[in-house]
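# Architecture and fold: a report
What follows is the residue order along each chain.
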Amino acid sequence: MRRRTFDLLVSSTGMMLTIVLLVAGGLLFWGYSFANGNVHDQLAAQKIFFPPKGSQALAAPEVGRYLNQYAGQQLTNGAQAKAYADHFIAVHLKEAAGGQTYAQVSSKALQNPGDAKLAGQVQTLFRGETLRGLLLNAYAFWKIGQIALVAAIASLVLAAVMLVLTVLGFWHLRRVSPTEELLARPADLQRTGMPA
């Protein structure tokens with residue numbers, strides 16, 4: 001195979017890969033922007049705020065060590081949503097029914113329909129677990145957006161590397177003799193008059 005043909009094939013493939021990586025990087029960045037923006041907008045609309053610094057609500061070690069960094073802030077991103085769900089709501093839900101889950105308390109309430117205390121615990125656990133689940137879903141979409149951002153950056157960096165290699169490939173193509181073979185043996189080179 002002629003060296004120029006090989007260089008043309010490799011360089012053309014490099015150009016196609018550069019385009020694919022640029023498109024992928026753009027789409028991944030759009031995915032990041034979409035996920036991040038929607039999570040922010042939806043959480044901000046709920047107007048959830050962390051307890052203020054020094055608040056009694058942050059005093060418990062299972063709460064404070066995770067939430068003190070967000071004290072007084074509005075909940076607007078996935079990392080905050082996860083912290084609030086796992087280290088504020090979940091802690092209070094354990095206290096609401098002695099560590100029992102919604103399913104456990106609900107089963108007891110069905111067996112004792114006249115028990116107002118159980119009915120209240122069912123409502124508290126249902127509402128708390130629902131809010132917790134919604135916040136954790138927001139966290140999941142936010143995290144997917146963060147992963148898309150890293151993938152977008154990697155794709156764009158690889159596109160830049162491929163573009164440089166492609167340009168070098170086309171530059172090399174122009175410098176190669178039209179008769180040069182890719183894997184020519186020394187005897188073949190002597191027949192064509194090229195130095196071995």
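Described in the following lines is the structure provided in the data block.

Rules of the game
- Residues numbered from 1 in each chain as written.
- Predicted model: local features only at pLDDT ≥ 70, side-chain atom pairs only at ≥ 80, totals over all residues.
- Heavy atoms only, no water.
- Helix = DSSP H or I, 4+ residues; strand = E, 2+ residues; numbered from the N terminus.
- Rg over C-alpha atoms; globule rule 2.2 N^0.38 Å.
- Buried < 20%, exposed > 50% of the residue type's maximum accessible area, 1.4 Å probe, protein only.
- Areas by Shrake-Rupley, 256 points an atom, 1.4 Å probe, with all protein chains shown as cover.
- Lys, Arg positive; Asp, Glu negative; His and termini not counted.
- Charge placed at Lys NZ, Arg CZ, Asp CG, Glu CD.
- Core = buried A, V, L, I, M, F, W, Y, C linked by side-chain atoms within 4.5 Å.
- Contact = heavy atoms within 4.5 Å.
- Salt bridge = Lys/Arg side-chain N within 4 Å of Asp/Glu carboxyl O.
- Axes fitted to C-alpha atoms, helices over the stretch in contact; angles between N-to-C directions.
- Parallel < 35°, antiparallel > 145°, perpendicular 65-115°, else oblique.
- Left-handed = near helix turned anticlockwise from the far one by under 90°.
- Nonpolar A, V, L, I, M, F, W, Y, C, P; charged D, E, K, R; others polar.
- Phe/Tyr/Trp six-rings, centres within 6.5 Å; stacked < 30°, edge-to-face > 60°.
- Polar contact = N/O pair within 3.5 Å; in protein donor to acceptor, adjacent residues only side chain to side chain.

### Things to note about the overall build of the protein
In terms of regular secondary structure, the protein is built from six helices and zero strands. Reading the helices (α) and strands (β) of the protein from amino to carboxyl end gives α-α-α-α-α-α. For the protein, the C-alpha radius of gyration of 31 Å lies well beyond 16 Å, the compact-globule estimate for 196 residues. For the protein, the C-alpha atoms occupy an extent of roughly 100 × 40 × 30 Å along the three principal directions. Residues classed as buried in the protein amount to 29% of the 196 residues present. Surface accessibility of the protein: about 12,500 Å² in total, with carbon and sulfur atoms responsible for 65%. With 17 positive and 10 negative side-chain charges, the protein shows a separation of 3 Å between the mean positions of the two kinds.

### As for the nonpolar core
Of all hydrophobic cores here, the largest spans 26 residues; its most connected members are Leu43, Leu67, Leu75, Tyr84 and Leu135. Put simply, the parts of the chain that give this core at least two residues each are α1 (3–46), α2 (61–67), α3 (78–96), α4 (102–111) and α5 (116–175). With eight residues, the top contributor of residues to this core is α3. If sequence neighbours within four positions are ignored, leucine 75 has contacts with Leu43, Ala44, Ile48, Phe50, Gln80, Ala81, Tyr84 and Leu135.

### Describing the pattern of salt bridges
Taken as a whole, this structure holds three salt bridges when the rule is applied. In this structure, aspartate 86 and lysine 82 form a salt bridge, with 2.7 Å as the shortest nitrogen-oxygen distance. Separated by four residues within a single helix, aspartate 86 and lysine 82 lie in helix α3, roughly one turn from each other. Here aspartate 86 and arginine 132 are joined by a salt bridge, their closest N and O atoms 2.8 Å apart. Of this pair, aspartate 86 sits in helix α3 while arginine 132 sits in helix α5, and the two are 46 residues apart along the sequence. Overlapping salt bridges, with partners in common, bring together Lys82, Asp86, Glu129 and Arg132 in one network.

### Some remarks on the packing of α3 against α5
Following both chains from N to C, one finds α3 and α5 inclined at 160°, their axes separated by 8 Å at the closest point. Between α3 and α5, the angle is such that the two are roughly antiparallel. The handedness of the crossing between α3 and α5 is left-handed. Within the contact between the two elements, α3 uses Gly78, Ala79, Ala81, Lys82, Tyr84, Ala85, Asp86, Ile89, Ala90, Leu93 and Ala96 and α5 uses Gln121, Thr124, Leu125, Gly128, Glu129, Leu131, Arg132, Leu135, Leu136, Tyr139 and Trp142. Residue composition of the contact of α3 with α5, grouped by class: 14 nonpolar, four polar and four charged.

### Structural notes on the packing of aromatic side chains
The final tally for this structure, using the stated rule, is seven aromatic pairs. Judged by centre distance (5.7 Å) and plane angle (45°), the ring pair of phenylalanine 29 and tyrosine 32 falls under tilted. One end of the pair, phenylalanine 29, and the other, tyrosine 32, are both in helix α1, three residues apart, so they sit about a helical turn from each other. On the basis of relative accessibility, which here comes to 17%, the residue tyrosine 32 falls in the buried class.

### Section: the side chain of threonine 166
With respect to the helices, strands and loops of the structure, threonine 166 is situated in helix α5. Side-chain polar atoms of threonine 166 contact the backbone oxygen of methionine 162, separated by 2.7 Å. When residues no more than four places from it in sequence are discounted, the contact partners of threonine 166 are Ser11, Gly14, Met15 and Thr18.

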